[in-house]
Amino acid sequence: MAEEQVAAKQPKMKTVTIYVMGKKYEVPEGLTILKALEYVGYRLIRGVGCRAGFCGACTTVYRLKDDYKLYTGLACQTTIKDGMYLVMIPFVPAKKPIYDIEKLRPEGSVVISIFPELTRCVSCNTCTKSCPQEIQVMDAVQEILRGNIEKAAHMTFDCIACGICSMRCPAEIVHYHVFQLVRRLYGKYIAKKSKHLEEKLKALEAGAFKEELDKLVTGGPELWKKLYESREIEK
Amino acid sequence: MKTYGERYEKTALAVAKALGFEMVELKRWNCCGVVFGLAEDSVFHHIAPARNLIRAQEFSREVKTKNLVTLCSMCYHVLKRVNNLLKEDPEALEKLNKFMDDEEDYLGEINVLHYLTVLRDDIGFQKIAEKVKKQLNGVKVACYYGCMLVKPRDTGIDDPEDPTIMDDLVEVLGGEPIDYPFKTECCGAYHVVNNAEVIKERAIKIIQGALNREAKIIVTTCPLCHYNLEKGLEMARKELKEKVILLYFTELLAFSLGLENLIEKEIVEELTKLVRGDG
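Procedures and definitions
- Residues numbered from 1 in each chain as written.
- Chains lettered and ligands numbered in written order.
- Predicted model: local features only at pLDDT ≥ 70, side-chain atom pairs only at ≥ 80, totals over all residues.
- Helix = DSSP H or I, 4+ residues; strand = E, 2+ residues; numbered from the N terminus.
- Rg over C-alpha atoms; globule rule 2.2 N^0.38 Å.
- Contact = placed C-beta atoms within 7 Å.
- Domains from an automatic or database assignment.
- Nonpolar A, V, L, I, M, F, W, Y, C, P; charged D, E, K, R; others polar.
- Buried ≥ 20, exposed ≤ 12 C-beta atoms within 10 Å, placed from the backbone.
- Axes fitted to C-alpha atoms, helices over the stretch in contact; angles between N-to-C directions.
- Parallel < 35°, antiparallel > 145°, perpendicular 65-115°, else oblique.
- Left-handed = near helix turned anticlockwise from the far one by under 90°.
- Core = buried A, V, L, I, M, F, W, Y, C linked by C-beta atoms within 7 Å.
- Pairing = 2+ DSSP bridges.

Trainee: When you look at the overall build of chain A in this model, what are you seeing that I'm missing?
Mentor: Scanning chain A from terminus to terminus reveals eleven helices and five strands. Here chain A has a C-alpha radius of gyration of 24 Å; the compact-globule value for 235 residues is 18 Å, and the former is much larger. With respect to the three principal axes, the spread of C-alpha positions in chain A is 75 × 55 × 25 Å. In chain A, 60% of the contacts between residues at least 6 apart in sequence involve partners at least 24 apart.

And the structure:
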């Protein structure tokens, strides 16, 4: 069979044009940004993690054809569009203060003393608009400003620390570190202590389950595989 | 209002209920920005208050009222001023609406009110008089208005130089409002953060002014004024000879209306002594 005939028989793949850091590529439509990048030959060793929208590593900035807006998203969760102009951000630089959680109190003023830039919030809501997790980011910042640590912790539970909000914020707030502190304060000082966990830990320390645990430690890969495959969750 | 000013909010809500009107907190709100941006060519600093007006507009459909009531003088000042601007300047309104493409457009129909004006205009001081359970028996009260509640003239709730709205209320409760020269003097506002000496000097002037006219109580409408006067009292303890009780006006109202359980025990004790005449 002649080569042209083979080509004619294959269904024609629909492609779209994307620009990666200004360079033009034709890629099959329907791919995620991450897969499109790999399709054109990028080998991603930084700025990519779980590939499932949970780890927050593949922060991406893009624009669309004839649209003034600057969009943001996770490369593993965003489908490419024709004319997309994009760049992946492998790392979001942010100040990460060191604090001793044992010495803090669960109060708004404590969070503000560690992250004073919080008070620069002008309520522009750019953070909320940029969040791929659909968190009400600005509202959470406002809750912290009025001292409601518990509410802020609940509101930001889904934060995956991709850092997009912090890159877009005109007040230069580092939301994801702030929210982590807030959730730590909530967990340590506000949330109800789970009694059953304490009891289980005590039982563990006293030697309950010793036999099963020893079996696991010494079992080796074959046993682990078998146990993994027969987990209850898989049934 | 949620931390330092908790006393204010708690008593204001309870007093409202006792007088037969209900106040509901906005479901979503943000800091008003505290200062009204004076740059005429920039609307960026109006985003925060405008967003609150939009949230109030959304909420107004649920609670069936377009009246947005504030307790804090500064919130009142900023929200009212921005609301006026957006009602009068279609260009500014359009610019803000376009910028906030994540919200519905603001239509300019919210009324920004201060709690005091609700008491005066909607409830009526006379009706409050009928509900008073504990007369103040002529106890001398200095009403401190500060700046933001009454200035500038087109947003203020009363005469900017000689306001009397709180004095009239005190009279209704059976107290004797005293006239003193510093009732609209600035408390020093945010100088408290980096220059506390300014606050001390201001507070002494205001408090001493009230004490010179034998005031036993000073009432305020603003958490920041209250904070600064309290700080000033602490710093100037040695310089001031007489004692004075510093209250939000809603606390005095709550006391008069028989809602003592909402006020700190020591304050109730001192007020009771004053009313009895052995303070």
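Trainee: Would you explain the domain arrangement of chain B in this entry?
Mentor: Much of the literature gives interface size as the accessible area that the parts lose upon coming together. Residue and element names in this part refer to chain B. What the domain assignment lists for chain B is domain 1 (6–115) and domain 2 (124–276). For domain 1 and domain 2, the distance between their C-alpha centres works out to 26 Å. Counting residues at the interface gives 18 residues for domain 1 and 21 residues for domain 2. Mapped onto the side of domain 1 that touches domain 2, the elements with two or more residues apiece are helix 1 (6–18) and helix 3 (73–88). For the side of domain 1 that touches domain 2, the element with the highest residue contribution is helix 1, accounting for eight residues. Each residue belonging to the side of domain 1 that touches domain 2 can be placed in one class, and the counts come to nine nonpolar, five polar and four charged.

Trainee: Which parts of the structure should I look at to understand helix 8 (residues 175–190) of chain A?
Mentor: One turn of the α-helix equals 3.6 residues, which is why residues spaced by three or four share an orientation. All of the buried residues in helix 8 of chain A are His175, Tyr176, Val178, Phe179, Leu181, Val182 and Leu185 of chain A. In this structure, the buried residues of helix 8 of chain A make contact with helix 3 (108–114), helix 4 (126–130), helix 5 (137–145), helix 6 (149–155) and helix 7 (164–168) of chain A.

Trainee: Please explain the packing of helix 5 of chain A against helix 8 of chain A as it appears in this structure.
Mentor: When two helices pack together, their arrangement is captured by the angle between the axes and the distance separating the axes. Residue and element names in this part refer to chain A. As a packed pair, helix 5 and helix 8 sit with axes 11 Å apart at the nearest point and diverge in direction by 50°. In terms of orientation, helix 5 lies oblique with respect to helix 8. Here the hand of the crossing between helix 5 and helix 8 comes out left-handed. From helix 5, Val137, Ala140, Val141 and Ile144 reach across to helix 8, where they touch His175, Val178, Phe179 and Val182. Grouping the constituent residues of the contact of helix 5 with helix 8 by class yields seven nonpolar, one polar and no charged.

Trainee: What am I meant to see in the nonpolar core here?
Mentor: The tendency in soluble globular proteins is for nonpolar side chains to be buried as a group. In terms of nonpolar packing, the biggest core is built from 128 residues, with Val178 and Val182 of chain A together with Val219 of chain B touching the most fellow members. Per element, the largest residue contribution to this core is eight residues, and it comes from helix 3 of chain B. Excluding anything up to four places from it in sequence, Val182 of chain A contacts Val111, Ile144, Ile149, Ala152, Ala153 and Thr156 of chain A.

Trainee: What is the right way to read the sheet that holds strand 4 (residues 71–74) of chain A from this model?
Mentor: All names here are of chain A. Strands sit in the order 2-1-5-3-4 across an open sheet of five strands; the sheet is mixed. Lying at the two open borders of the sheet, with one neighbouring strand each, are strand 2 (23–28) and strand 4. With strand direction ignored, the average angle separating the axes of adjacent strands in the sheet is 35°. With six bridges joining them, strand 1 (residues 15–20) and strand 2 adopt antiparallel strand pairing. Within strand 2, the position partnered with Thr17 by the bridge is Glu26.

Trainee: Quick question: what am I supposed to make of the domain arrangement of chain A here?
Mentor: Residue and element names in this part refer to chain A. Domain boundaries assigned for chain A yield domain 1 (14–88), domain 2 (101–190) and domain 3 (195–234). Looking at the side of domain 1 that touches domain 2, the element that brings in the most residues is strand 4, giving three residues. For the side of domain 1 that touches domain 2, the per-class residue count stands at three nonpolar, five polar and no charged.

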